[in-house]
Amino acid sequence: MTSQQTPETSAVSASTRPARGRSNRVLWIAGPLVLALVGGWFYLNSGRYASTDNAYVKADQVTISAQVAGRVVEVAVRENQAVHTGDLLFRIDPEPLQIAVEQMEAQIAAAADYLNASRDTFRSASADLRSTEATLRTQESQLKRMREMRARGLIAQKALDDAINAANVAKAQTMLGGAVDTPLESMAAYRIAKAQLAKVRLDLAHAEVRAPIDGVIGKMHLQAGDYLNVGQAAMPLVSNVVWVEGNFKETDLGH
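Colleague: In this structure, what is going on with the overall build of the protein chain? I would like to understand it.
Modeller: From N to C terminus, the protein chain includes five helices and eight strands. The helix and strand sequence of the protein chain, counted from the amino end, reads α-β-β-β-β-α-α-α-α-β-β-β-β. Considering only residue pairs separated by 6 or more positions, the protein chain has 79% of its internal contacts joining residues 24 or more positions apart. Summed over all atoms, the accessible surface of the protein chain reaches about 18,300 Å², with 56% contributed by carbon and sulfur.

Colleague: I'm lost on the sheet that holds strand S6 (residues 215–217) in this one. Help?
Modeller: The pairing of strands in a sheet comes from backbone hydrogen bonds and takes either a parallel or an antiparallel form. Pairing is antiparallel in the open sheet, where four strands are placed in the order S1-S8-S6-S3. With partners counted over all chains shown, the strands left at the sheet margins are strand S1 (55–65) and strand S3 (82–83), one partner each. When S6 meets strand S8 (residues 233–246), the two strands line up antiparallel, connected through three bridges. Residue Gly 215 lies in a different strand from S8, and its bridge partner there is Ser 239.

Colleague: Would you mind showing me how to read the sheet that holds strand S5 (residues 208–210) here?
Modeller: The strand order across the open sheet built from four strands is S5-S4-S2-S7, with neighbouring strands paired in antiparallel fashion. Each edge of the open sheet carries a strand with a single partner, namely S5 and strand S7 (227–228). As paired strands, strand S2 (residues 70–75) and S7 are joined by two bridges and run antiparallel to one another. For Gly 70, the partnering residue across the bridge sits in S7 and is Leu 228.

Colleague: Just to check I follow, could you spell out the nonpolar core for this structure?
Modeller: Nonpolar side chains in soluble globular proteins tend to end up buried together. If you look at the biggest cluster of nonpolar residues, it comprises 20 residues, and the most contacted ones within it are Leu 89, Phe 90, Ile 217 and Met 235. Each residue touching Leu 89, except ones within four places of it in the same chain, is listed here: Ile 64, Val 75, Ala 76, Val 77, Val 83, Val 209, Arg 210, Ala 211, Ile 217 and Met 235. Residues Val 101, Met 104, Ile 108 and Tyr 190 belong to the second largest nonpolar core, which totals ten residues.

Colleague: Looking at this structure, how should I read the side chain of Ser 239?
Modeller: The residue Ser 239 is located in strand S8 in this model. For Ser 239, a relative accessible area of 12% translates into the label buried. Once residues lying within four places of it in the same chain are set aside, the contact partners of Ser 239 are Ala 59, Asp 60, Ile 213, Asp 214 and Gly 215.

Colleague: I'm lost on a nonpolar patch on the surface in this one. Help?
Modeller: A cluster of nonpolar residues, Val 57, Val 242 and Val 244, forms a patch on the protein surface that exposes about 310 Å² of accessible area. Relative to the helices and strands, Val 244 is located in strand S8.

Colleague: What is the right way to look at the pattern of salt bridges in this model?
Modeller: Think of it this way: side chains of opposite charge can pair up when their charged atoms draw near. Following the criterion strictly, the structure yields five salt bridges and no others. With its nearest N and O atoms 2.0 Å apart, the salt bridge here joins Arg 91 to Glu 74. Here Arg 91, found in strand S4 (residues 88–92), pairs with Glu 74, found in strand S2; they are 17 residues apart in sequence, far enough to count as distant. Residue class for Glu 74 comes out partly exposed when judged on its relative accessible area of 29%. In this structure, Arg 210 engages Glu 208 in a salt bridge whose closest nitrogen and oxygen atoms are separated by 2.9 Å. Under the relative-accessibility criterion, Arg 210 is labelled partly exposed at 40%.

Colleague: What's the story with the side chain of Gln 81 in this structure? I'm lost.
Modeller: Locating Gln 81 in the fold gives a position in the loop between S2 and S3. Within the structure, the side chain of Gln 81 is placed 3.1 Å from the backbone nitrogen of Arg 78, a separation counted as a polar contact. Leave out the neighbours within four places in its chain, and Gln 81 touches Ala 76, Gly 215, Val 216 and Ile 217.

Colleague: Can you help me understand the environment of Gly 215 in this one?
Modeller: By the element assignment, Gly 215 lies in strand S6. Sequence separation between Gly 215 and Gln 81 is 134 residues; the distance between their C-alpha atoms is 8.4 Å. When near neighbours in sequence (up to four residues on either side) are disregarded, Gly 215 contacts Gln 81, Ala 82, Val 83, Leu 237, Val 238, Ser 239 and Asn 240.

Rules of the game
- Residues numbered from 1 in each chain as written.
- Predicted model: local features only at pLDDT ≥ 70, side-chain atom pairs only at ≥ 80, totals over all residues.
- Heavy atoms only, no water.
- Helix = DSSP H or I, 4+ residues; strand = E, 2+ residues; numbered from the N terminus.
- Contact = heavy atoms within 4.5 Å.
- Areas by Shrake-Rupley, 256 points an atom, 1.4 Å probe, with all protein chains shown as cover.
- Pairing = 2+ DSSP bridges.
- Core = buried A, V, L, I, M, F, W, Y, C linked by side-chain atoms within 4.5 Å.
- Buried < 20%, exposed > 50% of the residue type's maximum accessible area, 1.4 Å probe, protein only.
- Patch = residues over 30% accessible without salt bridge, like charges linked within 9 Å, V, L, I, M, F, W, Y side chains within 5 Å.
- Salt bridge = Lys/Arg side-chain N within 4 Å of Asp/Glu carboxyl O.
- Polar contact = N/O pair within 3.5 Å; in protein donor to acceptor, adjacent residues only side chain to side chain.

In structure tokens:
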């Protein structure tokens, strides 16, 4: 049994074949594109990033404290105020520290005067030193003769004692000095006084407390009239450098 196609049927079949070919081509092109888009979406949103609600903003905090003891005479900042490195925060009464500096300066001047006077005294005395050395040789020679004479009973003990004393005095005078030309700055007493002066000057500089970093003043209660001891906390200073610290689940960080 054979089938027969009418002209109308042949015409319909010929017209549908190009439409099917175009549909297949669209599927071959669009299908992979859709799969790529879906895969890309899952790649971007399901594997590369992790999120958490357990995160905090943090910053370094410096505790500002007093380096010298004293009464606060000025507070130059307030809570939540932004400050820069070197800005004045508060000031401790500088008057007692200034008095200490002036006292040490006076002591150094007095020590210098005393040492210089001693040096001058020694120089004036050293002019007689050469003659004293000659006197010593004479006294020692005389003492030797006096010992011999006393041993023979020719002189009294008192005469020998006087000769011994005269020889000892001459010997002591020749042993003076040795540091007359030492520079003032090299003398121990002067160096000690200079070190003490440097210390009180540093204390005076610490009466003004300044910001060590850029930041914001935290909660504080400091006010003029308060007395601070060395090392006592005065106020917190929060740094401008901040970061976020987040806590993630280990399962979110597997890949």
